[in-house]
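Analysis of the macromolecular model
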Protein chains: 2
Amino acid sequence: MFFDRLRERIDTIDSVVCVGLDPDPGRLPDHLRDHELPRWAFNRRIIDATHEHAAAYKPNAAFYEDSKGWRALIETIAYAHGKDVPVVLDAKRADIGNTARQYATLLDDADAITANPYMGRDSVEPFLSRADKGVFLLCRTSNTGGTDLQALELAGGETVYERVATLADEWNEHDNVGLVVGATAPEELEALRSRVPALPFLVPGVGAQGGDAQAAVEFGLADGAGLVNSSRGIIFAGEGEAFADAAGNAAKRLKRRLNQHR
Amino acid sequence: MFFDRLRERIDTIDSVVCVGLDPDPGRLPDHLRDHELPRWAFNRRIIDATHEHAAAYKPNAAFYEDSKGWRALIETIAYAHGKDVPVVLDAKRADIGNTARQYATLLDDADAITANPYMGRDSVEPFLSRADKGVFLLCRTSNTGGTDLQALELAGGETVYERVATLADEWNEHDNVGLVVGATAPEELEALRSRVPALPFLVPGVGAQGGDAQAAVEFGLADGAGLVNSSRGIIFAGEGEAFADAAGNAAKRLKRRLNQHR
């Protein structure tokens, strides 16, 4: 069970920090560019420097969408597992029938995945049915366009994202469903926590996006499981040869900052 | 401009058929399995057999999400271009900030992409801003879960998917936006055509999913641009050594069937 394993990890290292592994090609340190797989070289050093503070790693699939990228991703996941850290693949996928089943093979490697609810239950069912794996459904995202659809009011009075939370709760037959909820609107985090007490949240937006750390911790956890993510704020905290040390320090600082509210 | 190019292609070959290139690993003919890139070997033969009837090809990214898969995809796109057929990458992507920009690099190869509207405008802006490329936003999908969110009624009276259509129309500043609209509900296709007369539709579900071909053609086209897709109904029309001939015949049959309604 993914969330049991996550709880155990959080307890062991006393941290809810999720480190986003988004190796933006334009920002990799120069001295790694000659490596055969620069993204893997980068991630390995980041993992070495941060794993003691990382409850999970979250590679975003966007940064691995090419032939060498997938090799870098697979190496990265295996290496994180070697450090006993679970991996959430931030893929935001969903599709129909045999295509959704194909996407679900991504969970052969990763421990959990993010998924997009727009196409409805059957489009994420192949993820949901992997009882041993986790599925974080996009619910309320912290970007400006998050209001375009998610915040629309339905005829029954609730918003679209509130309905998504309720649906996710219904789809949680294997205790393996969580929600992606941005930290930029603390009152929404609080209201969603009341609505779905059992669903762990993956909360992005605390680093570079400047979300509210206190609310993320207070309302993000369900029975001790939940993740607060920072990507660029950790992995690009420093530059040049010392980038990994800077990332380790940034992860440690975020852990302490979040632990003030646990 | 993608849709101008698509119109030209449709006129030249007198076909609105889009061939979905979804090389399900479990269904590839045995004699291609020893090829270094079986998916590419398969797609090349499918393209050879179908390109005279193909207004576009639509590889679904799910079937290429591994190291060799991306090589197969890139080869496939280049080969389709060599036959003068545009390629819609069915990726259903969307994400925030630098991640969305990274996903938009998929359009360096493909001519158009499918995108998911749930995260709102900024999550697809890097696609939209590529004025020379096409963006098909998921609007009303034909799977059973398509009703879970898309068909919900908003406080103003319209459905979520109708709002998506309206938003897509607003986001169409470069005349490069289309919609994905399933063929399984002809009356919805008709109503959406009235709502957004200028947006070409990509209509899946006419093949294996059994949608309504007449409605797909009657309401799917905007000023002559639009696509009606079949994936498994064409590429897996036959088996064994003769699979490509069977695919060619299936594409031709679908073209004729659709052209009865143009």
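Description of the structure in this document. Being a predicted model, the structure only gives us computed values, none of them experimental. (Residues numbered from 1 in each chain as written. Chains lettered and ligands numbered in written order. Predicted model: local features only at pLDDT ≥ 70, side-chain atom pairs only at ≥ 80, totals over all residues. Heavy atoms only, no water.)

Points about the relation of the copies chain B and chain A
Convention followed: Least-squares superposition of the copies uses the C-alpha atoms of those residues scoring a pLDDT of at least 70 in each of them. In what follows, a contact means two residues having at least one pair of non-hydrogen atoms within 4.5 Å.
Screw-axis analysis of chain B against chain A gives a translation of 0.0 Å along the axis, an RMSD of 0.0 Å, and a rotation angle of 180°. The relationship between the two copies is best expressed as a two-fold rotation axis. Taken as a fraction of all interface residues of chain B, those also at the interface in chain A reach 100%, which identifies the copy contact as same-surface.

Side note on the environment of Ala 247 of chain B
Residues and elements named next belong to chain B. Test applied: In this description a helix means any DSSP run of H or I spanning at least four residues, a strand means any run of E spanning at least two, and both kinds are numbered starting from the N terminus.
Summarising the element assignment, Ala 247 is placed in helix H10 (residues 243-259). In sequence terms Ala 247 and Asp 48 are 199 residues apart; their C-alpha atoms lie 10.0 Å from each other. Leaving out residues up to four positions away in the same chain, Ala 247 has contacts with Ile 46, Thr 50, Ile 234, Ile 235 and Ala 237.

Some thoughts on unusual backbone geometry
Although it is not a glycine, Asp 84 of chain A adopts a positive phi angle of roughly 70°. Note on placement: Asp 84 of chain A falls in the loop between helix H3 (67-82) and strand S3 (88-93). Although it is not a glycine, Lys 92 of chain B sits at a positive phi angle of roughly 50°. Here Lys 92 of chain B lies in strand S3 (residues 88-93).

Some details on helix H2 (residues 38-50) of chain B
All names here are of chain B. Convention followed: By this rule, a helix spans an expected 1.5 Å times one less than how many residues it contains. Exposed residues in this analysis have more than 50% of their type's maximum accessible area, buried residues have under 20%, and partly exposed residues fall in between, with area computed by a 1.4 Å probe over protein chains only.
Across its 13 residues, H2 extends 18 Å between first and last C-alpha, which sits within 8% of the 18 Å expected from 1.5 Å per residue. Here H2 has its buried residues at Arg 39, Trp 40, Ala 41, Phe 42, Asn 43, Ile 46, Ile 47 and Thr 50. The secondary structure elements touched by the buried residues of H2 are strand S1 (17-21), strand S2 (56-59), helix H3 (67-82), helix H9 (232-235) and H10.

A closer look at the sheet that holds strand S4 (residues 112-115) of chain A
Where strands meet in a sheet, backbone hydrogen bonds hold them as pairs that are either parallel or antiparallel. Residues and elements named next belong to chain A. What counts, and what does not: Any two strands are treated as partners once DSSP identifies two or more bridges connecting them. Here, axes are lines fitted to C-alpha atoms. For helices the fit covers the stretch in contact, and angles between N-to-C directions go from 0 to 180 degrees.
Strand order in the open sheet formed by 8 strands is S2-S1-S8-S7-S6-S5-S4-S3, with parallel pairing between adjacent strands. Edge strands, defined here as strands with exactly one partner in the open sheet, are strand S2 (56-59) and S3. Pairs of neighbouring strands in the sheet enclose a mean axial angle of 30°, with direction left out of account. Across 4 bridges, the pairing between S4 and strand S5 (residues 134-140) is parallel. Paired with Ala 112 across the strands is Gly 134, a residue of S5.

With respect to the pairing of S3 of chain B
All names here are of chain B. Our working rule: With strands facing away from the observer, any crossover in which the path from the first strand over the helix to the second runs clockwise is taken as right-handed.
Most of S3 is tucked away: 6 of the 6 residues are buried. Burial along S3 is two-sided: the residues Val 88, Asp 90 and Lys 92 and Leu 89, Ala 91 and Arg 93 are all buried. Of the strand pairs in this sheet, S3 and strand S4 (residues 112-115) are connected by 3 bridges, and their pairing is parallel. For Leu 89, the partnering residue across the bridge sits in S4 and is Ile 113. With helix H4 (residues 97-104) bridging S3 and its parallel neighbour S4, the resulting β-α-β unit is right-handed.

Remarks on the side chain of Thr 141 of chain B
For the record, the criterion: Pairs of N or O atoms are called polar contacts if they sit within 3.5 Å, as long as, within protein, a hydrogen donor faces a hydrogen acceptor (for residues adjacent in sequence, only side-chain-to-side-chain pairs).
Mapping Thr 141 of chain B onto the fold places it in the loop between strand S5 (134-140) and helix H6 (160-170). What makes Thr 141 of chain B buried here is its relative accessible area of 6%. A polar side-chain atom of Thr 141 of chain B sits 2.6 Å from a polar atom in the side chain of Asn 143 of chain B. Discounting chain neighbours no more than four positions away, the residues touching Thr 141 of chain B are Met 119 of chain A together with Gly 146 and Gln 150 of chain B.

With respect to the pairing of strand S8 (residues 227-230) of chain A
All names here are of chain A. Every second residue of S8 is oriented toward a common face, with Leu 227 and Asn 229 on one face and Val 228 and Ser 230 on the other, all of them buried. Pairing of strand S1 (residues 17-21) with S8, which is carried by 3 bridges, proceeds in the parallel orientation. From the neighbouring strand, Val 19 faces S8, where its bridge partner is Ser 230. Where strand S7 (residues 201-203) lies against S8, 2 bridges are found, and the strand directions are parallel. Residue pairing for S8: Val 203 is matched across the bridge by Val 228.

Limitation: the analysis is restricted to geometry and does not speak to function.
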